[in-house]
Amino acid sequence: MHATLHAAKVNQTLANCLDIIGNGLESDKVIETLLAVLGEHYTGDRAFVFEFVRDTGVIAHAYEWCREGFETQIPQLVGMNREDFAAWEDALDGKPAVFIEYDACDELPRSDEQRAILDQWGLTSVLAAPLIVDGRLVGYLTVDNARDTDDIFIVLRTVAAYVSEDIAARESEGRRIVSAIRSIYLAMFLWDLERLSYREIENGVPTWRSNAPEGSFSATEAAIKNTVDPAHQDLVRDFVAPDRLRQALRHKNSDSLQYLLVGVGWVLGRIIVMERALDGTPTKVIFAVEDIDQAKRQMELASYKAEHDALTGLLNRTALERSLGDLEHDTRPVAIMMIDVDAFKSVSDRYGHGVGDTVLHGVGQAISHAMRSSDLVYRFGGDEFVVIAHGCPASSQAELIHRVDLINISLEGRFAEVPSVKLSAGIAFGEGSSEGHTLLSQADTALYRAKHSPIKCCVFDPELDG
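Residues numbered from 1 in each chain as written. Predicted model: local features only at pLDDT ≥ 70, side-chain atom pairs only at ≥ 80, totals over all residues. Heavy atoms only, no water.

(A) Inspection of the nonpolar core at higher detail. If you look at the biggest cluster of nonpolar residues, it comprises 34 residues, and the most contacted ones within it are Tyr42, Leu141 and Leu156. Among the elements of the structure, helix H1 (7–21), helix H2 (28–41), strand S2 (46–52), strand S3 (59–66), strand S5 (125–133), strand S6 (136–144) and helix H6 (154–184) are those that each provide at least two residues to this core. The biggest single contributor to this core is H6, with 6 residues. Other than its neighbours up to four places away in sequence, Tyr42 contacts Leu5, Leu127, Val143, Ala146, Arg147, Asp148, Thr149, Asp150, Phe153, Ile154, Val155 and Leu156. (Core = buried A, V, L, I, M, F, W, Y, C linked by side-chain atoms within 4.5 Å. Buried < 20%, exposed > 50% of the residue type's maximum accessible area, 1.4 Å probe, protein only. Helix = DSSP H or I, 4+ residues; strand = E, 2+ residues; numbered from the N terminus. Contact = heavy atoms within 4.5 Å.)

(B) Representation of the pairing of strand S8 (residues 185–192) within the structure. With 8 of 8 residues buried, S8 lies mostly within the body of the structure. Relative to strand S13 (residues 282–291), S8 runs antiparallel, the two sharing 7 bridges. When the bridges of S13 are listed, Tyr185 appears paired with Glu290. Where S8 and strand S9 (residues 197–203) come together, 6 bridges link them in antiparallel fashion. Opposite Asp192, over in S9, you have Ser197 as the bridge partner. Between S8 and S9, which follow one another and run antiparallel, lie 4 residues, and Leu196 among them has a positive phi close to 55 degrees. (Pairing = 2+ DSSP bridges.)

(C) Representation of the sheet that holds strand S11 (residues 254–261) within the structure. As summarised here, the arrangement of the 6 strands in space is S10-S9-S8-S13-S12-S11, forming an open sheet in which the pairing is antiparallel. The strands lining the two open edges of the sheet, one partner per strand, are strand S10 (214–216) and S11. Between one strand axis and the next, the sheet turns through 25 degrees on average, direction left out of account. Pairing geometry for S11 and strand S12 (residues 265–276), over 8 bridges, is antiparallel. Within S12, the position partnered with Leu257 by the bridge is Gly269. Where helix H8 (residues 233–240) meets the sheet, it contacts S8, S11, S12 and S13, and its direction lies at approximately 160 degrees from that of S11. (Axes fitted to C-alpha atoms, helices over the stretch in contact; angles between N-to-C directions.)

(D) Inspection of the sheet that holds strand S17 (residues 423–430) at higher detail. Reading across the sheet, the 5 strands line up as S15-S16-S14-S17-S18 and stay open at both edges, with mixed pairing between neighbours. What marks the edges here is a single partner per strand, and that holds for strand S15 (376–381) and strand S18 (457–459). Neighbour-to-neighbour, the strand axes of this sheet turn through a mean angle of 20 degrees, independent of strand direction. Here helix H13 (residues 353–370) sits on the sheet in contact with strand S14 (334–341), S15, strand S16 (384–390) and S17, set at roughly 15 degrees to S16.

Right, here's the structure in full:
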């Protein structure tokens, strides 16, 4: 039989518990300390607090205190669920706490399996308080083989109330986190890679509203055809193929792909592993679709601005540096042209910088129009321009010189404020896998010769320019 505790001890234990709880239940250590106080107060052998997973009822977040000499029983709790505690629920019958003496109640526990487990634990009694959140049973706070109790189990009930509040706060925080995450994604699906099935969690894809919320993974083919831009469909098919997912996600937790979604624009499809088999193979994953169209276009605009000249719209010196480095890995022959405006300083000095800017913009357009669509035109700085013509061998020098002549012809009378604008150019050729900066320097040397001779375009010659 159990003994009834004196009020002084009850009050002291309550004070101790409230002092512990006052610092919050943020760590395992705090919860275990609280259980130790409860276990000692009721002179029990063990004290537990455990919760049930909301969807499955399986035990989670189990904590334990054991009196010295008693072994942990946490492994015994693993795999149990709410149904295994039906006898406790019946005995409580809506009460805030109950003291059950199994040897004095023939009807409890209900099943042989439960009796066997309790016999294995060596229990003769259990003091239990339900953990209730929004009228829902979420777990239990218990003391095994309690030898002392207080009449209304005030300490156990008080601690249970605070633990329930903590669970409610965590659930509320969890719901807010899930809500925040879901607000980021246009759509979310749970994919079962073993059953090859899906379940819709969120769906805001405008062209897939009529899709069934659950079904076979084979429906992804129709989803791809109805939602993905045709140019990206094969890429997405490969990305979501179950065999690829099992292999690609074996040693990492997520994978992602950017693609165009009809009616939306650019999206990021992200696959996140939820469950794995013992060998690491993913068995369940979340497929989430995030709308990144605005961010993607902002990045493209930022990238464009980073590599383009604001005045002429041509590629800038930053882009040129990258292209010159790439030439070392390009086996095609290449020509580099360095072009500048003759006596441009006098144009700016005489007509003003506004007119000078108009001339530079017009010159850039004239060079671009005269070159092939595959040729890259850069504003090098000031009144200097550079052209990189891939696949252009030394045998094409006459053609390039002719293009410079055409540019100069197109500039005649183009600017009302400036009577005459002429360009000079230097050309250097590379046979493939070229050192870009060397060719640029050679083109600049040839340009210097062209500016000091009647010829408006010169090709680098080692004998003349060496």
